[in-house]
Amino acid sequence: MPDASIGIFDSGVGGLTVARAIIDQLPQESITYVADTAHQPYGPKRLAELRAYALEVMDHLVEQDVKMLVIACNSASSAVLRDARERYDVPVVEVIMPATRRAVRATRNGRVGVIATRATIDSMAYHDAFTAAPDVLLTGVAAPRLVEYVERGETMSDELIEVVREYLEPIRAAGCDTLILGCTHYPLLTGAISYVAGEGVTLISSADETAKDVYRILHDRDLAAGGEATPGTASAPPATPCSSPGSGDGSWARRSRWSKSHQWGYYL
């Protein structure tokens, strides 16, 4: 079991920020990453739809004998966490509580903002998480268009800056000194978001905090992989078809080997 991989999934490339943080903290671990691009974006979808998509992907990962599931998506975390922990025998890690804990520690004036997808904001998942910190005032704003910029690789443009400025206006008006990037896509826009938010605002990414939870659980449950990683030595294999849950057409076909240890990614 310790030599099994960690299963990570998101609707697209955003979850790679979480995968990257896990690799940096646990370079000896193997990662199986699934990007459910067949159903992206998750943000505008109803929670019932998100639950169905997320469970389908996690069922697939569990069939691959992963030793842990990481829901590297705020929208999916808000929709399926409780079900997942009851459904699977392996540990399930999500991204909302780690970011919440870090924001509570980071804020100096007790005012925290969160930008996230519509699904995450409507679920009230962050508001529920902050009930444990009643002295913190939370301002949540749905920022759905930011995912589109990330998915098409646009991280610097006047249009993007204006969109970010519009989304952050309620956050700035509330006097928030801490801002949670409540979608794993958003850290890829840190430059634009930081530029608009200003130097006095601390940005919180769930990626590093989630990786710390993964580290802790692997250690405490004796699930950590042994041996040493050999960064930078892996080469990419040719594309190989593999089965896709619900499709039957081998559409999870692009397999890529990452630069550390033996991490594999499947993309819909």
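By convention here, each chain's residues receive numbers from 1 onward along its written sequence. The predicted nature of this model means local features are confined to residues of pLDDT at least 70 and side-chain atom pairs, given and counted, to a pLDDT of 80 or more, with totals for whole chains, interfaces and linings taken over all residues. Computation of side-chain values: all heavy atoms of the structure, hydrogens and water removed.

**Quick notes on the side chain of Lys-67**
Labels follow the DSSP assignment, with helices taken as runs of H or I lasting at least four residues and strands as runs of E lasting at least two, numbered in each case from the N terminus. Here Lys-67 lies in the loop between helix H2 (47-63) and strand E3 (68-71). Under the relative-accessibility criterion, Lys-67 is labelled buried at 0%. In what follows, residue pairs with any heavy atoms lying within 4.5 Å of each other are defined as contacts. The contacts of Lys-67, once residues within four sequence positions are left out, are Met-1, Pro-2, Ala-4, Ser-5, Ile-6, Glu-29, Val-90, Pro-91, Leu-218, Leu-223, Ala-224 and Ala-225. Residue exposure (1.4 Å probe, protein chains only): buried if accessible area is under 20% of the type maximum, exposed if over 50%, otherwise partly exposed.

**Re the sheet that holds strand E6 (residues 137-142)**
Consider a sheet: its strands pair through backbone hydrogen bonds, and that pairing is either parallel or antiparallel. In this description, strands pair whenever DSSP reports at least two bridges between them. Sheet architecture is open: four strands sit in the order E6-E5-E7-E8, paired in parallel fashion. Looking at which strands have only one partner, the edges of the open sheet turn out to be E6 and strand E8 (202-205). For this sheet the average axis-to-axis angle between neighbouring strands, irrespective of direction, equals 25 degrees. In this structure, strand E5 (residues 111-116) lies alongside E6, joined through six bridges in parallel fashion. Among the inter-strand pairings, Ile-115 is bridged to a residue of E6, identified as Val-141. Note on definitions: angles span 0 to 180 degrees between N-to-C directions of axes, and those axes are lines fitted to C-alpha atoms, for helices only across the stretch in contact.

**Concerning the pairing of strand E2 (residues 31-35)**
Within a regular beta strand, the side chains point alternately toward one face of the sheet and then the other, so they alternate between its two faces. With five of five residues buried, E2 is to be regarded as a mostly interior element. Side chains Ile-31, Tyr-33 and Ala-35 of E2 all project onto a buried face; the interleaved residues Thr-32 and Val-34 project onto the opposite face, where all are buried too. By the bridge criterion, five bridges tie strand E1 (residues 6-10) to E2 in an arrangement that is parallel. Each bridged residue has a counterpart across the sheet, and for Ile-8 the counterpart in E2 is Tyr-33. Remark: the E1/helix H1 (residues 16-25)/E2 crossover connection has right-handed handedness. Orient the strands so they point away from the viewer; a crossover is then right-handed if the path from the first strand over the helix to the second runs clockwise.

**What about the confidence of the model for the chain?**
Confidence along the chain averages 85 in pLDDT terms, with 84% of residues attaining 70 or more. How sure the predictor is of each residue is captured by pLDDT, a score from 0 to 100. Across residues 229-265 the pLDDT falls below 50, and counting only partners more than four positions away or on other chains, this stretch makes 84 contacts in the model.

**Regarding the nonpolar core**
Ile-115, Leu-146, Val-164, Leu-168, Leu-179, Tyr-186 and Ile-193 are the most contacted members of the largest nonpolar core, which totals 26 residues. Secondary structure elements with two or more residues in this core: helix H7 (145-151), helix H8 (158-173), strand E7 (178-182) and helix H9 (190-197). The residues touching Ile-115, leaving out its near neighbours within four places in the chain, are Val-141, Ala-143, Leu-146, Leu-168, Leu-179, Ile-180, Leu-181, Gly-182, Cys-183, Tyr-186 and Ile-193. Here, the term nonpolar core denotes a set of buried Ala, Val, Leu, Ile, Met, Phe, Trp, Tyr and Cys residues that are joined through side-chain atoms within 4.5 Å. With 23 residues, the next largest nonpolar core counts Val-34, Tyr-53, Met-58 and Ala-76 among its residues.

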